[in-house]
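# Chains, contacts and geometry: an overview
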Amino acid sequence: QVQLVESGGGLVQPGGSLTLSCAASGSFFSFAVMDWYRQAPGKQREFVAHITERGTTAYADSVKGRFTISRDNNKNTVTLQLNNLKPEDTDVYYCSARGVLPGGHVFEYWGQGTPVTVSE
(Lines give C-alpha, C1' and ligand atoms only; values in the text may rest on other atoms or scores of the structure.)
Protein backbone atom coordinates (compact mmCIF):
# COMPACT_ATOMS: atom_id res chain seq x y z
CA GLN A 1 0.00 0.00 0.00
CA VAL A 2 1.36 3.38 -0.99
CA GLN A 3 1.55 5.98 1.73
CA LEU A 4 3.09 9.38 2.20
CA VAL A 5 3.12 10.58 5.80
CA GLU A 6 4.22 14.08 6.68
CA SER A 7 5.43 15.14 10.10
CA GLY A 8 7.22 17.99 11.81
CA GLY A 9 4.71 20.80 11.54
CA GLY A 10 3.83 23.01 14.46
CA LEU A 11 3.79 26.50 15.93
CA VAL A 12 6.91 28.63 15.65
CA GLN A 13 7.74 32.28 16.12
CA PRO A 14 8.77 34.48 13.20
CA GLY A 15 12.42 33.92 12.42
CA GLY A 16 12.28 30.38 13.75
CA SER A 17 12.87 27.05 12.05
CA LEU A 18 11.07 23.78 11.49
CA THR A 19 11.99 20.53 9.80
CA LEU A 20 9.25 18.77 7.87
CA SER A 21 9.63 15.13 6.91
CA CYS A 22 7.75 12.93 4.49
CA ALA A 23 8.07 9.19 4.84
CA ALA A 24 7.12 7.10 1.83
CA SER A 25 6.10 3.48 1.80
CA GLY A 26 6.11 1.55 -1.44
CA SER A 27 8.62 0.75 -4.13
CA PHE A 28 8.12 3.93 -6.14
CA PHE A 29 10.31 6.30 -4.15
CA SER A 30 13.54 6.01 -6.13
CA PHE A 31 11.61 6.77 -9.33
CA ALA A 32 9.75 9.76 -7.91
CA VAL A 33 10.08 13.48 -8.12
CA MET A 34 9.19 14.57 -4.61
CA ASP A 35 7.36 17.85 -4.16
CA TRP A 36 6.30 20.01 -1.27
CA TYR A 37 3.24 22.18 -1.69
CA ARG A 38 1.35 24.34 0.75
CA GLN A 39 -2.21 25.52 1.00
CA ALA A 40 -4.16 27.85 3.23
CA PRO A 41 -7.94 27.53 3.66
CA GLY A 42 -9.74 29.02 0.69
CA LYS A 43 -6.56 29.40 -1.34
CA GLN A 44 -5.01 27.44 -4.18
CA ARG A 45 -2.32 24.94 -3.44
CA GLU A 46 1.08 26.57 -3.96
CA PHE A 47 4.31 24.93 -5.09
CA VAL A 48 7.11 25.20 -2.54
CA ALA A 49 9.97 22.97 -3.68
CA HIS A 50 10.84 19.76 -5.43
CA ILE A 51 13.71 17.35 -5.72
CA THR A 52 14.18 14.94 -8.61
CA GLU A 53 15.28 11.33 -8.45
CA ARG A 54 18.84 12.49 -9.06
CA GLY A 55 18.74 15.26 -6.48
CA THR A 56 18.12 18.31 -8.64
CA THR A 57 16.15 20.89 -6.67
CA ALA A 58 13.87 23.80 -7.43
CA TYR A 59 12.16 26.34 -5.17
CA ALA A 60 9.42 28.89 -5.29
CA ASP A 61 10.81 32.43 -5.26
CA SER A 62 9.04 33.12 -1.99
CA VAL A 63 11.08 30.48 -0.13
CA LYS A 64 14.37 30.53 -2.03
CA GLY A 65 17.28 30.98 0.35
CA ARG A 66 15.17 30.07 3.39
CA PHE A 67 13.92 26.53 2.68
CA THR A 68 16.01 23.50 1.73
CA ILE A 69 14.71 20.22 0.33
CA SER A 70 16.65 16.97 0.53
CA ARG A 71 15.98 13.26 0.14
CA ASP A 72 17.34 9.99 1.46
CA ASN A 73 16.67 7.21 -1.03
CA ASN A 74 17.82 4.57 1.46
CA LYS A 75 15.23 5.65 4.02
CA ASN A 76 12.52 6.67 1.53
CA THR A 77 12.22 10.09 3.10
CA VAL A 78 12.22 13.66 1.89
CA THR A 79 12.89 16.57 4.21
CA LEU A 80 12.04 20.24 3.96
CA GLN A 81 14.09 22.47 6.23
CA LEU A 82 12.28 25.74 6.91
CA ASN A 83 14.43 28.60 8.21
CA ASN A 84 13.74 32.26 8.91
CA LEU A 85 10.02 31.57 8.92
CA LYS A 86 7.57 34.39 8.28
CA PRO A 87 3.87 34.68 9.18
CA GLU A 88 3.02 34.32 5.50
CA ASP A 89 4.54 30.82 5.58
CA THR A 90 1.59 29.72 7.69
CA ASP A 91 -0.12 26.93 5.72
CA VAL A 92 -0.73 23.23 5.61
CA TYR A 93 2.27 21.63 3.92
CA TYR A 94 1.77 18.63 1.66
CA CYS A 95 4.23 16.12 0.30
CA SER A 96 3.64 14.54 -3.09
CA ALA A 97 5.36 11.96 -5.25
CA ARG A 98 5.07 11.72 -9.01
CA GLY A 99 6.83 9.84 -11.75
CA VAL A 100 6.86 6.83 -14.04
CA LEU A 101 7.71 3.30 -12.98
CA PRO A 102 9.96 1.18 -15.23
CA GLY A 103 6.90 -0.59 -16.65
CA GLY A 104 5.42 2.71 -17.77
CA HIS A 105 2.90 3.18 -14.97
CA VAL A 106 2.46 6.87 -14.23
CA PHE A 107 1.89 7.65 -10.57
CA GLU A 108 1.05 10.59 -8.35
CA TYR A 109 0.52 10.32 -4.60
CA TRP A 110 -0.24 12.86 -1.91
CA GLY A 111 0.12 12.92 1.83
CA GLN A 112 -2.45 14.25 4.30
CA GLY A 113 -0.50 17.39 5.15
CA THR A 114 1.14 18.84 8.23
CA PRO A 115 0.21 22.30 9.53
CA VAL A 116 2.75 25.06 10.04
CA THR A 117 1.81 28.18 11.99
CA VAL A 118 4.20 31.12 12.25
CA SER A 119 3.02 33.54 14.89
CA GLU A 120 4.07 35.49 17.96
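These numbers were taken from a predicted model, which means no experiment stands behind them.

Reading the values: the criteria
Residues numbered from 1 in each chain as written. Predicted model: local features only at pLDDT ≥ 70, side-chain atom pairs only at ≥ 80, totals over all residues. Heavy atoms only, no water. Pairing = 2+ DSSP bridges. Helix = DSSP H or I, 4+ residues; strand = E, 2+ residues; numbered from the N terminus. Axes fitted to C-alpha atoms, helices over the stretch in contact; angles between N-to-C directions. Phe/Tyr/Trp six-rings, centres within 6.5 Å; stacked < 30°, edge-to-face > 60°. Lys NZ or Arg CZ within 6 Å of the ring centre and 35° of its normal.

This brings us to the sheet that holds strand 8 (residues 77-82). Taken in spatial order, the four strands line up as 1-3-8-7 in an open sheet, and their pairing is antiparallel. With one partner strand each, in any of the chains shown, strand 1 (3-7) and strand 7 (67-72) form the two edges of the open sheet. For this sheet the average axis-to-axis angle between neighbouring strands, irrespective of direction, equals 15 degrees. Of the pairings in the sheet, the one linking strand 1 to strand 3 (residues 18-25) comprises five bridges and is antiparallel in character. Bridge pairing in strand 3 links Leu4 to Ala24.

Next up on the list: the packing of aromatic side chains. Tallied over the entire structure, the rule returns five aromatic pairs. An aromatic cluster is built from Phe28, Phe107 and Tyr109, whose rings are joined through pairwise contacts. One cation-aromatic arrangement involves Arg45 over Tyr94; the distance from NZ or CZ to the ring centre is 4.0 Å. A cation sits over an aromatic face here: Arg71 above Phe29, 4.6 Å from the ring centre.

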